[in-house]
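Notes for the structure review
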Amino acid sequence: MMIKKYKILILIFSAFIILLIGFVTIPKKDDDKLLKIESVPIYNCFGWGYNILVDNKVFIHQEYIPAIAGKRAFLSKEDAMKTAALAIEKLKKGKQPIITKSDLAALNVFL
């Protein structure tokens, strides 16, 4: 009877050690190392803009169309989000998220 209890204890202890080793040696996913970048449309009395969030914190607050003189908001949410997507694409490639007039033309953003 004592031998059965001893075997059960060894079995439980072994299972615990195997689980512990499994938790310690599980490698992190590559996604865990990456920053979460997303865009959110914003609306004000002039029209549309966007925020670019990095790990849920505002990284870029863009109320007006970039590369255009003056304070002109995007006329549509879609134009704002296309522009934000390009800025994010540039960020992910390690570039500055600068938007030019030619970028806006390529995106068919209404000016």
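Residues numbered from 1 in each chain as written. Predicted model: local features only at pLDDT ≥ 70, side-chain atom pairs only at ≥ 80, totals over all residues. Heavy atoms only, no water.

Observations regarding the overall build of the protein
Counting secondary structure elements, the protein contains 3 helices and 3 strands. Beginning at the N terminus, the succession of helices and strands in the protein can be written as α-β-β-β-α-α. Out of the 111 residues in the protein, the part that is buried amounts to 27%. Taking all contacts inside the protein whose residues are at least 6 apart in sequence as the whole, residues at least 24 apart take part in 42%. Put simply, the protein shows about 8500 Å² of open surface, and 65% of that area lies on carbon and sulfur atoms. (Helix = DSSP H or I, 4+ residues; strand = E, 2+ residues; numbered from the N terminus. Buried < 20%, exposed > 50% of the residue type's maximum accessible area, 1.4 Å probe, protein only. Contact = heavy atoms within 4.5 Å. Areas by Shrake-Rupley, 256 points an atom, 1.4 Å probe, with all protein chains shown as cover.)

Quick notes on the side chain of N44
Residue position: N44 is located in strand β1 (residues 37–44). Using a relative accessible area of 17% as the deciding quantity, one classes N44 as buried. At 2.7 Å, the side chain of N44 forms a polar contact with the backbone nitrogen of F46. (Polar contact = N/O pair within 3.5 Å; in protein donor to acceptor, adjacent residues only side chain to side chain.)

A short note on the nonpolar core
The biggest cluster of nonpolar side chains holds 15 residues, and the ones touching the most others in it are Y50, I52, I65, F74, I99 and L104. Looking at this core, the elements that each hand over two or more residues are β2 (47–54) and α2 (77–92). For this core, the element with the most residues is α2, which contributes 6 residues. When neighbours within four sequence positions are excluded, Y50 is seen to be in contact with V40, P41, I42, I60, H61, Q62, P66, F74, A80, T83, A84 and I99. (Core = buried A, V, L, I, M, F, W, Y, C linked by side-chain atoms within 4.5 Å.)

Digging into the packing of aromatic side chains
The final tally for this structure, using the stated rule, is 3 aromatic pairs. Between F46 and Y64 the ring centres are 6.1 Å apart and the planes differ by 55°, which places this aromatic pair in the tilted class. Of this pair, F46 sits in the loop between β1 and β2 while Y64 sits in the loop between β3 (57–62) and α2; the two residues are 18 residues apart in sequence, bridging distant segments of the chain. Owing to a relative accessible area of 53%, F46 belongs among the exposed residues under this scheme. On the basis of relative accessibility, which here comes to 18%, the residue Y64 falls in the buried class. On the numbers, 6.1 Å between centres and 45° between planes, the contact of Y50 with F74 is tilted. With Y50 in strand β2 and F74 in the loop between β3 and α2, this residue pair connects regions lying 24 residues apart in the sequence. What makes Y50 buried here is its relative accessible area of 2%. Residue class for F74 comes out buried when judged on its relative accessible area of 0%. (Phe/Tyr/Trp six-rings, centres within 6.5 Å; stacked < 30°, edge-to-face > 60°.)

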